[in-house]
Amino acid sequence: MANKEKYIQIYEVGPRDGLQNEAQPVPTDAKIRYIEALARAGHTRIEATSFVRPGVIPQLSDAHEVYTGLQNQTGVRYIALTPNRKGMENGLAAGLQEGAIFTAASEAFTKKNINATIDESIARFGDVMALASDAGIPVRGYVSTVVECPYAGKIDPEAVLDVCRRLLDLGVYQVSLGETIGVAVPDDIARLLDVLLKEIPAEKLAGHFHDTRGTALASVFRAIEFGLRIFDASSGGLGGCPYAPGAAGNLATEDLVYALHRSGYETGIDLEALALATSGIAQSLGREPTGRVYLACKS
Ligand code: HMG
Ligand code: MG
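From a predicted model like this one, the values you see are computed outputs, not experimental measurements. (Residues numbered from 1 in each chain as written. Chains lettered and ligands numbered in written order. Predicted model: local features only at pLDDT ≥ 70, side-chain atom pairs only at ≥ 80, totals over all residues. Heavy atoms only, no water.)

## Let's talk about the coordination of the magnesium ion (ligand 2)
Phase 1: Within the protein, the atoms that donate to the magnesium ion (ligand 2) are D17 (OD), H208 (NE2) and H210 (NE2), at distances of 2.1 to 2.3 Å.
Phase 2: Sequence spacing of the donors to the magnesium ion (ligand 2): D-x190-H-x1-H.
Phase 3: What makes H208 buried here is its relative accessible area of 5%. (Donors = N, O, S within 2.8 Å, 3.2 Å for Na, K, Ca; no water. Buried < 20%, exposed > 50% of the residue type's maximum accessible area, 1.4 Å probe, protein only.)

What follows is the structure, encoded as structure tokens:
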């Protein structure tokens, strides 16, 4: 195992956060090939799909087929979003290895995204956690809109802390901080982490920064200074969130891996193999992903 200080764990969210927001339908077997190529590139945590209402996120309505089509690979964990009892039941029926529950620090966003208030979402998650615990699988938590909400504007870090605390009390092993619309600059992340880290150890937090304005990578490096070592990224920079109009995809995994490796960090990911995985899914999408390092790798 790599030096703990210098090892960054990346959660690859391209197959979920990326594909959920792509206009072009992607065939199930192309998704499976993409996810398996990501695993071959060295990813050990891959968000494969979402067990959500198919009418709400039609792009991932083949969640069962995708998940059951994946070959188990040693050391690789396939994660899926499981926002309520039905989502976890459907996930478990597909052999789910790890679930993820998600809410937000903004009431308005939570309502649009999962049709619940923050309190209702936490109450629902009790059932999800109980099912996961009976099945012996871990669950990750997400808090969206940690800096700003597309409907409610700026968010108080104390509100984020409150929701993080509630998710951790429910038993999630980690909370991923969703900067959903990609407005944050490093100082926003510093202000947030100043508050969160007074109570929550850095090992329990991950950064999930969308890159709408090109500031996500700078925010990652600021978060590293605060001790965070876990980040979400989407290969090629695919995606966005259907309930955050105008938000671009996550930070591109290739951009993150390139910058980390050149800065002396290890990720276990092979950049060329990763770009190959992205190029495969790009063919199904019929469009060129926007990630800069991906484009540089191809030229
Ligand atoms: P609801 O409408 O409140 O659910 O949806 P309901 O309990 O009232 O049920 C209504 C119908 O949906 C019923 O069917 C249920 O069976 C069905 P009917 O009886 O009418 O035929 N149903 C389901 N079907 C399949 N799977 C399920 C499920 N649940 C109910 N799990 C729900 C509530 C949360 C399910 C819905 O609002 C939903 O699916 N939302 C998903 C939204 C989503 O996926 N958003 C994008 C992911 S989050 C994100 O991108 C942010 C993140 O990346 C971090 C960041 O960037 O900030 C994570
Ligand atoms: Mg996201």
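## A closer look at the environment of K6
Phase 1: Tracing the backbone through its elements, the reader meets K6 in the segment before strand 1 (9–12).
Phase 2: Given the relative accessible area of 31%, K6 is considered partly exposed.
Phase 3: K6 sits 222 residues away from L228 along the chain, and the two C-alpha atoms are 11 Å apart.
Phase 4: Apart from residues lying up to four places away in sequence, K6 is in contact with S263, G264, Y265 and E266. (Helix = DSSP H or I, 4+ residues; strand = E, 2+ residues; numbered from the N terminus. Contact = heavy atoms within 4.5 Å.)

## Side note on the packing of aromatic side chains
Phase 1: Using the criterion set out here, one finds two aromatic pairs in the structure.
Phase 2: Lying over the aromatic face of Y151, K112 brings its terminal NZ or CZ to 5.1 Å of the ring centre.
Phase 3: Across from the ring centre of Y142, 5.6 Å away, lies the NZ or CZ of R140, which sits over that ring. (Phe/Tyr/Trp six-rings, centres within 6.5 Å; stacked < 30°, edge-to-face > 60°. Lys NZ or Arg CZ within 6 Å of the ring centre and 35° of its normal.)

## Some remarks on the site of ligand 1
Phase 1: As a structural note, the neighbourhood of ligand 1 is formed by 26 residues, with R53, N84, N113, S144 and T180 the closest of them.
Phase 2: A distance of 3.2 Å separates a nitrogen atom of ligand 1 from a polar atom in the backbone of V52.
Phase 3: Contact distances for ligand 1 include 2.6 Å between an oxygen atom and a side-chain N or O atom of R53.
Phase 4: About the coverage of ligand 1: the protein hides 75% of its 1100 Å² of free accessible area.
Phase 5: Where the shell around ligand 1 is concerned, the elements lending two or more residues are helix 1 (14–18), helix 4 (85–93), helix 5 (107–114) and strand 5 (139–144).
Phase 6: Looking at the shell around ligand 1, the element that brings in the most residues is helix 4, giving three residues.
Phase 7: Taken together, the residues of the shell around ligand 1 sort by class into 10 nonpolar, 11 polar and five charged. (Near = heavy atom within 4 Å. Polar contact = N/O pair within 3.5 Å; in protein donor to acceptor, adjacent residues only side chain to side chain. Areas by Shrake-Rupley, 256 points an atom, 1.4 Å probe, with all protein chains shown as cover. Nonpolar A, V, L, I, M, F, W, Y, C, P; charged D, E, K, R; others polar.)

## Topic: helix 11 (residues 271–285)
Phase 1: Here helix 11 spans 21 Å end to end across 15 residues, near enough to the 21 Å set by a 1.5 Å rise per residue.
Phase 2: Buried residues of helix 11: L271, L274, A275, A277, T278, S279, I281, A282 and L285, and no others.
Phase 3: Where helix 11 begins, the capping side chain belongs to D270, and its oxygen is found 3.0 Å from the backbone nitrogen of E272.
Phase 4: Two residues or fewer after helix 11 comes G286, characterised by a positive phi angle close to 65 degrees. (Expected span 1.5 Å × (residues − 1).)

## Observations regarding the nonpolar core
Phase 1: Ranked by internal contacts, the top residues of the largest apolar core, which has 95 residues, are Y78, V143, V160, L167, L177, L196 and F231.
Phase 2: Sequence-distant contacts of F231, defined by excluding residues within four places in its chain, comprise I8, Q9, I10, Y11, G207, F209, V220, A223, I224 and L256. (Core = buried A, V, L, I, M, F, W, Y, C linked by side-chain atoms within 4.5 Å.)

## Notes on the pairing of strand 9 (residues 205–209)
Phase 1: Across the five residues of strand 9, five count as buried, placing the element largely inside the fold.
Phase 2: Neither face of strand 9 is exposed, since L205, G207 and F209 on one face and A206 and H208 on the opposite face are all buried.
Phase 3: Here strand 8 (residues 175–179) pairs with strand 9 via five bridges, running parallel. Residue E179 lies in a different strand from strand 9, and its bridge partner there is F209.
Phase 4: With respect to chirality, the unit in which strand 8 leads through helix 8 (residues 186–196) into the neighbouring parallel strand 9 is right-handed. (Pairing = 2+ DSSP bridges. Right-handed = clockwise from strand over helix to strand, strands pointing away.)

Function cannot be inferred from these measures alone, as they are strictly geometric.
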